[in-house]
Amino acid sequence: MTVTVGNGVQVNIEVPSGYLHASEVIDRTPDTAWTALHAHAERLEGTLPSGVSPKMFPAEVVAQIEAKFADAYSEHAATLAAEKTARDALEAAEAARLAAQVPRLPEGSYNSSNTLGRGLLKSRGWTDGHITRLLGGPDCTIPSGYERQHLWGAERVAYAEANDTKLMKRLATYRAKRADEKTERIAASIDTGKVIFRKDGDTWVLVGRGLVAGATVEVTKRDGTTTTKRVERVLSTDAAGVSKAVPVDEVAEARAAARLADAEARAAERAAAQETRQRAAAEARPTGSPALPAGTRRNQRSSPCHGCHSTVHPDKGALRQVWAGDDEDDEAVRWEVWCSPCTWRTLYRLPVNTDTAPWVALNWPAADVQLVVAAGLNPTEAAAFDLSDPATREWVEMIRALRA
Ligand SMILES: [Zn+2]
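Quick caveat, the model's predicted, so the values are computed rather than measured. (Residues numbered from 1 in each chain as written. Predicted model: local features only at pLDDT ≥ 70, side-chain atom pairs only at ≥ 80, totals over all residues.)

Visitor: Just give me the short version of the overall build of the chain, but keep the residues and values in it.
Guide: Across its full length, the chain carries 14 helices and 16 strands. A globule of 404 residues ought to have a C-alpha radius of gyration of about 22 Å, yet the chain, at 55 Å, is considerably larger. Reported as C-alpha extents along the three principal axes, the dimensions of the chain are approximately 170 × 70 × 40 Å. A burial count over the chain gives 15% of its 404 residues as buried. A fraction of 46% describes how many contacts in the chain between residues 6 or more apart in sequence connect residues 24 or more apart. (Helix = DSSP H or I, 4+ residues; strand = E, 2+ residues; numbered from the N terminus. Rg over C-alpha atoms; globule rule 2.2 N^0.38 Å. Buried ≥ 20, exposed ≤ 12 C-beta atoms within 10 Å, placed from the backbone. Contact = placed C-beta atoms within 7 Å.)

Okay, structure coming up:
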C-alpha cells in the first residue's frame, strides 16, 4: 500500500495480511483508542514477525479496541462528520465568492490606467471586506516606494458596484453621508462670510452672502486659495440670505473685447483706405471736360453734338461711324459728331444731364462703370469699391450675370 510519511513523501510499504497500517486507522480512531493501540504495539516490541513494523497493528486487535471503545469511536465519527460539513460550507462560500467576482481579463491586460488602488476604492466607500469578497487578490501591482501597490481592474470594480446588493447599499449610504458632510462644510464656510464656487448643473456658480451684480468678491477655492471674481448676475437668494450668482466669464469677456477691437481696427483701416482712394480720385479728376476715351476718332470740323446739340470744336469731340443703310446689304455709313460728355455718357450708359467727370475720374473699365450705374450707385459710393477685393469682384460678377 502507499503510505504518506511525516514529511509528506509517499512511500510504498508492504503490509502483511492480517495487519493494518497505522495510517489506515489513525483518522477514524479516537485518542483513547489510539493510546490503547500504541500500548499494545509497545508490548509486542521485539517479538514482531518479519515484515511487521511497530506501525502495523493486527486486525483482530484493532477490532477488539473498536469494540471496547465503541462510544468513543461513534463520538469521534460524529465530530469528523461535523468538521466535514463545516469544511464543505466554507468551500461552498468560497465558490460563491468567486462566482460573484467578474472574471479577470487575460494576464497582462491590467496596468495603472485601467485599475483602481485600495485607497481609491475606500474613498468610494469600499471596505477591505468588500475587496476580499468581490475582487479577491489584486489584478496587477505597480512599484510604490519599497512595496508594490495592489490594483484592481476598473471593469471588475464597476461590475461589483452595479451588481452586488450589499456593496450597492453600502456605497449609497457612504455617498449620502459624504454629501451631508459636504453640505455642512459648505454651510459652515458660508457662515464665516466666505464666497465659494459650486457646481449648478453644468456651470460653476458663486455661493455666499451679500452677492450683488457688479460686485467684486474674493472667492475661496476648495484648496483654500482665493481668487477674485466679479458678479455678473444673482440667480437666487434663499431665506437664510445665501445667494447663488453667475460670475463674469473673464475669458469670454476678453475674447469679445478682442473681437470688438479687431473689428474697430479693420473698420478704421477700411475708412482710411476709402479716404485715400477718394482723395486720389479727386486729385486725378481733370478740370473742365474730361479727355475722350482712348482710341476715339476726333472730329476735324466744328459741328453740333449729335446728343446735346452744343457746338463741338474741331478735335474736341468724337467722330462716330453709324450705319445708315436701308437694308442689311446696304453698306452706307454716316459719321456723327459727339461732344466729350455725351461720348462718356453713352459709353457709361449714364442718364442725360449727368456729370460724367466723377465717373471718368474712377478710371475703371467701361463695363464696370456700366454695372455700378445700373446698380444705382453714385460715383462717390462707387469709388469706395475696391475692385481688387474678391468680395467686390464677386458682387460685380453677380450683377453682370443678372444683366446678361
Ligand atoms: Zn453733347
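Now that the structure is up, let's keep going.
Visitor: Mind laying out the pairing of strand β10 (residues 216-220), listing which residues take part and the relevant values?
Guide: For strand β8 (residues 195-200) and β10, the ladder comprises two bridges, and the chain directions are parallel. From the neighbouring strand, Val195 faces β10, where its bridge partner is Val219. Two elements, β10 and strand β11 (residues 226-237), share five bridges in a ladder whose sense is antiparallel. Note that in β11 the partner of Thr216 across the bridge is Arg230. Between the antiparallel neighbours β10 and β11 lie five residues, among them Gly224 with a positive phi of about 95 degrees. (Pairing = 2+ DSSP bridges.)

Visitor: Please give an account of the sheet that holds β11 that cites residues and values.
Guide: Read around the closed barrel, the five strands follow the order β8-β9-β12-β11-β10; overall the barrel is mixed. Strand after strand, the sheet turns through a mean of 60 degrees between neighbouring axes, direction not considered. In this sheet, strand β9 (residues 203-209) lies alongside β8 in antiparallel orientation, the contact comprising five bridges. Looking at β9, one finds that Arg198 is bridged to Val205. (Axes fitted to C-alpha atoms, helices over the stretch in contact; angles between N-to-C directions.)

Visitor: So what about the sheet that holds strand β6 (residues 140-144)? Which residues, and what values?
Guide: Spatially, the three strands line up as an open sheet ordered β5-β7-β6, and their pairing is antiparallel. At either margin of the open sheet sits one strand with a lone partner, and together these are β5 (115-117) and β6. Between one strand axis and the next, the sheet turns through 40 degrees on average, direction left out of account. The sheet contact formed by β6 and strand β7 (residues 147-153) spans five bridges and is antiparallel. Bridging from a neighbouring strand, Pro143 pairs with Arg148 of β7. Packed on one face of the sheet, helix α7 (residues 154-163) meets β5 and β7 and runs near 55 degrees to β7.

Visitor: Quick rundown of the environment of Gln321? Include the residues and the values.
Guide: As for its placement among the helices and strands, Gln321 is situated in strand β15 (residues 317-323). Separated by 24 residues in sequence, Gln321 and Arg297 place their C-alpha atoms 9.4 Å apart. Those residues in contact with Gln321 that lie beyond four places of it in its chain are Val333 and Trp335.

Visitor: Please set out helix α4 (residues 70-100) residue by residue, giving values where relevant.
Guide: For α4, which comprises 31 residues, the first-to-last C-alpha distance of 45 Å matches the rise-based estimate of 45 Å (1.5 Å per residue) to within 8%. Counting buried positions along α4 yields zero of 31 residues, so the element is predominantly exposed. (Expected span 1.5 Å × (residues − 1).)

Visitor: Please give an account of unusual backbone geometry that cites residues and values.
Guide: With a phi angle near 65 degrees, His309 is a residue other than glycine that sits in the positive phi range. Structurally, the position occupied by His309 is in the loop between β13 (303-304) and β14 (311-312). Among the residues examined, His309 registers 10 C-beta atoms within 10 Å and is labelled exposed.

Visitor: So, the environment of Arg297: which residues are in play, and what are the values?
Guide: Its location among the elements puts Arg297 in the loop between α9 (250-284) and β13. The class of Arg297 is exposed, set by 11 C-beta atoms lying within 10 Å. Spatially, the C-alpha atoms of Arg297 and Arg320 are 7.3 Å apart, while their sequence positions differ by 23 residues. Excluding its chain neighbours within four sequence positions, the residues that come into contact with Arg297 are Ala318 and Leu319.

Visitor: How would you summarise the pairing of strand β12 (residues 242-247) if you had to cite specific residues and measurements?
Guide: Taking every second residue as pointing to the same face, the buried face of β12 carries Ser243, Ala245 and Pro247, while none of Val242, Lys244 and Val246 on the other face is buried. Direction of pairing for β9 relative to β12: antiparallel, over a ladder of four bridges. Pairing of Val207 across the sheet is with Lys244, part of β12. Taken together, the five bridges between β11 and β12 define a ladder with antiparallel strand orientation. What sits directly across from Ser236, in β12, is Lys244. Hairpin remark: β11 followed by β12, antiparallel, with four residues in the connecting loop; positive phi at Gly241, about 85 degrees.

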